[in-house]
Structure formats: C-alpha cells, structure tokens
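Survey of secondary and tertiary structure
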Amino acid sequence: MRPRIVYVHGSGPKQRAELLRSQWDRALFGRDVGDTSQLAYWAPVLHPEPLPDTFPDPLEGRPRAVAAAEAEDEAETPAHPLLEDPAQFVARTAAEAKAVRGAAGESVRDRAGGAVLGGWLRDMTYLAEALALAEEPHPGRGEEPLPRALPLPRPARTAMFRLLVRHIFEDVHAYFFGGAGPAVRQVVSDALDATEAARERDGGGPLVVVGHSLGSVVAYEVLAARNTRVDLFVTLGSPLAVTEVRDCLAAPPAVPDGTALWLNASDARDLVALDHTLRPEYAPPGRITDLLVSNGSANHHGIAEYLADPLVQEPVRRVFSRIA
C-alpha cells in the first residue's frame, strides 16, 4: 500500500508537466516524490505552448514574473496606461475574454457569461487597486516610512495584479462559457483514473487531491461527478466560494461523494479567493476546514507559497504518514 497525490494546477500557461509536478513536490514535501505524485496537466487545452523551463509562471509573482508583468503592461501604455482606471480595465478585460472565444457558434449561455462573472471581475480589480495603494509607503509621524508588505512599487503591484486578474478571468470564462470545460475535466479525470489503477496494483492506500485556483474548480467538478475515494481534498486560492463561480457549477455545491475531508486554504489578500469560507455553502460543513494562511508571493496567489505553508503541509503529511 502506498499513498498517492494528484495535483491540479490553475490558470495560465505553465512549464512542462514533469518540471511543474516536481516543483509542487518540492514545495509540499521538500523533495521530489516521484511516481507517488501525478499532475493533471491541462494547460495545453488553453495554452498550447509551455513556458520555458527557466521562466517562472507569471501568475506566481516571483521577481522575473513581476518584471514580465510590468513589461507586458508597459507595452500597452499608449492605449492602456499602467494605472488605468479600474472600471475601464474591467470593461476592457471582459471584452477581451469574449473576443478570445470568438462569436461563431456562441450560445445564449456563452453570451451571458460575461454578465455572470462580471461581478467577480469587478471585485477582483477594485481589490487589486486598493491593495496596490495600501502597500505604497506613506510617511508617519516624524516622516518615518511605514513598513511595506512587499518590496514592490505601486506600478509593479498593479501590473502583477492585473496580469493575474486577466489570466484568471479569461481562463475561467473559457472553462465555463468558451467550450473548454469538457476537455479540461477529461485531463483531470484521466489523471484520477491512472492514480486509481496504481492504487489497485499497490493494494490500496490513501489519496490526496490538491487543486489550485481554477484547478480547484476543475478538481471539484470532476470529483463531484464520480465516486473516487479521496482521503483529503485540498483547495488553495480557490474561487469556489465566490457566488458568481458557484452559480456556474454543474451541480449544487456539496462535499463530493467519496471525499472524507476537505481543507480549503486562502490568503486574505488573494484576489481570486475573494470569499474564503466554503463551509456555509458546501454541505456537510463538518467535513470542511477553512483556513486563512499568509501567502508571501507578490500577488498572494502563488502555489509554491501555499504548498510551503505548515498549515497546508501538516494535514497532507499526516495522511501520508498512515503508510510508513
């Protein structure tokens, strides 16, 4: 008997699958655990080209990613200034998401998509602007600068936040309304099938499923549609509690059948996880634990920081310790 873990990554282009799986392993366990872990690598459904090995995921908020975000926004400066008004950014991002899908064959549900998710997009954008302003240094009494949460000036913070908002919103929109959902879910379902087959060969063993960001939504929908026995379901930086996202789910919110325990962790400053508590909506609440953790990435959404948090690591390692 061996424990197994399945990772489901979030939005945006990613590095190649094996490298990404190893990075998650090292953040969570401190080492690569080999075939004990499996990554449901669905990025190519929406982003055919992987990121170079040496280039960090822009949504991770690492230094090079921050620079890339700034460069991307600066390239748009003539038409869209870096500190563009949030309301204008919301309208433009919604229009861009619709343009990515294209108008051909668009259903009534597709046309309603922008309105359905619009409130979430608006709230993400205005919170991003508030955080960028709040984390600027302001002189206190005696002109001493107040401490800053992160060593980034407002333009860098705004660029990083808006890159996060744009990628997250576009991919969530494509998942729910752009026809990408079935293909993305199939990748996750195939990964779970492979893991279940390996568990049968090993004589059983506990299973942990970890979903980040949009990946938590995909993992949830797949688990809700099947009867996989999951000892611990972990959602990190998840939008599953956000009303607009919850309204798009195929089934009423509930703990998936077969899931023994659900741990939901988020940072209070994470734009994607605007609502941090699943327990009020996903019954039975006794099987869910909602935690607030401190994610120190530049946008407070980075998966490496979530996985490295002791409040996330300890429950996963406790499940794994059942087989010693």
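Remember, it's a predicted structure, so these values are computed and weren't measured experimentally. (Residues numbered from 1 in each chain as written. Predicted model: local features only at pLDDT ≥ 70, side-chain atom pairs only at ≥ 80, totals over all residues. Heavy atoms only, no water.)

1. What to know about the overall build of the chain
What counts, and what does not: Put simply, DSSP H or I for four residues or longer makes a helix, DSSP E for two residues or longer makes a strand, and each gets a number counted from the N terminus. Residue burial is assigned from relative accessible area. The probe radius is 1.4 Å, only protein chains are included, and a residue is buried under 20% of its type maximum, exposed over 50%, and partly exposed in between. Two residues qualify as a contact provided that any one of their heavy atoms is within 4.5 Å of a heavy atom in the partner residue. Only the protein chains shown count as covering a residue, and every accessible area follows the Shrake-Rupley method with a 1.4 Å probe.
In terms of regular secondary structure, the chain is built from ten helices and six strands. Within the chain, the proportion of its 324 residues that are buried is 54%. Residue pairs in contact within the chain that sit at least 24 positions apart in sequence constitute 79% of those at least 6 positions apart. A total of about 13500 Å² of accessible surface is found on the chain, and carbon and sulfur atoms cover 57% of it.

2. Describing helix H5 (residues 154-177)
Rule in force here: Expected helix span is given by 1.5 Å per residue-to-residue step, counting one fewer step than there are residues.
The terminal C-alpha atoms of H5 lie 33 Å apart, and with 24 residues this matches the ideal 34 Å at 1.5 Å per residue to within 8%. Counting buried residues in H5 gives 22 out of 24 residues, a clear majority hidden from the surface. The first or second residue beyond H5 is glycine 179, which carries a positive phi of 85°.

3. Things to note about the environment of proline 13
Within the fold, proline 13 resides in the loop between strand S1 (4-8) and helix H1 (17-29). For the pair proline 13 and proline 48, spaced 35 residues apart in the sequence, the C-alpha separation amounts to 8.0 Å. Apart from residues lying up to four places away in sequence, proline 13 is in contact with His47, Glu49, Leu51, Asp57 and His167.

4. Considerations on the packing of aromatic side chains
Note the cut-off: Pairing of aromatic rings covers Phe, Tyr and Trp, the last counted by its six-membered ring, and requires centre-to-centre distances within 6.5 Å; plane angles under 30 degrees mean stacked, over 60 mean edge-to-face, and any other angle means tilted.
Enumeration over the complete set of coordinates arrives at eight aromatic pairs. Consider the rings of phenylalanine 176 and phenylalanine 177, whose centres lie 6.3 Å apart with planes at 55°: the pair is tilted. Phenylalanine 177 gets classed as buried once you look at its relative accessible area, which sits at 4%. With 5.4 Å between their ring centres and 90° between their planes, tyrosine 220 and tyrosine 282 make a pair best called edge-to-face. Taken together, the positions of tyrosine 220 in helix H7 (residues 214-224) and tyrosine 282 in the loop between strand S5 (262-266) and strand S6 (288-292) put the pair 62 residues apart, joining distant regions of the chain. Each member of the pair, tyrosine 220 as well as tyrosine 282, is classed as buried. Linked through ring pairs, Tyr220, Phe233, Trp262 and Tyr282 together constitute an aromatic cluster.

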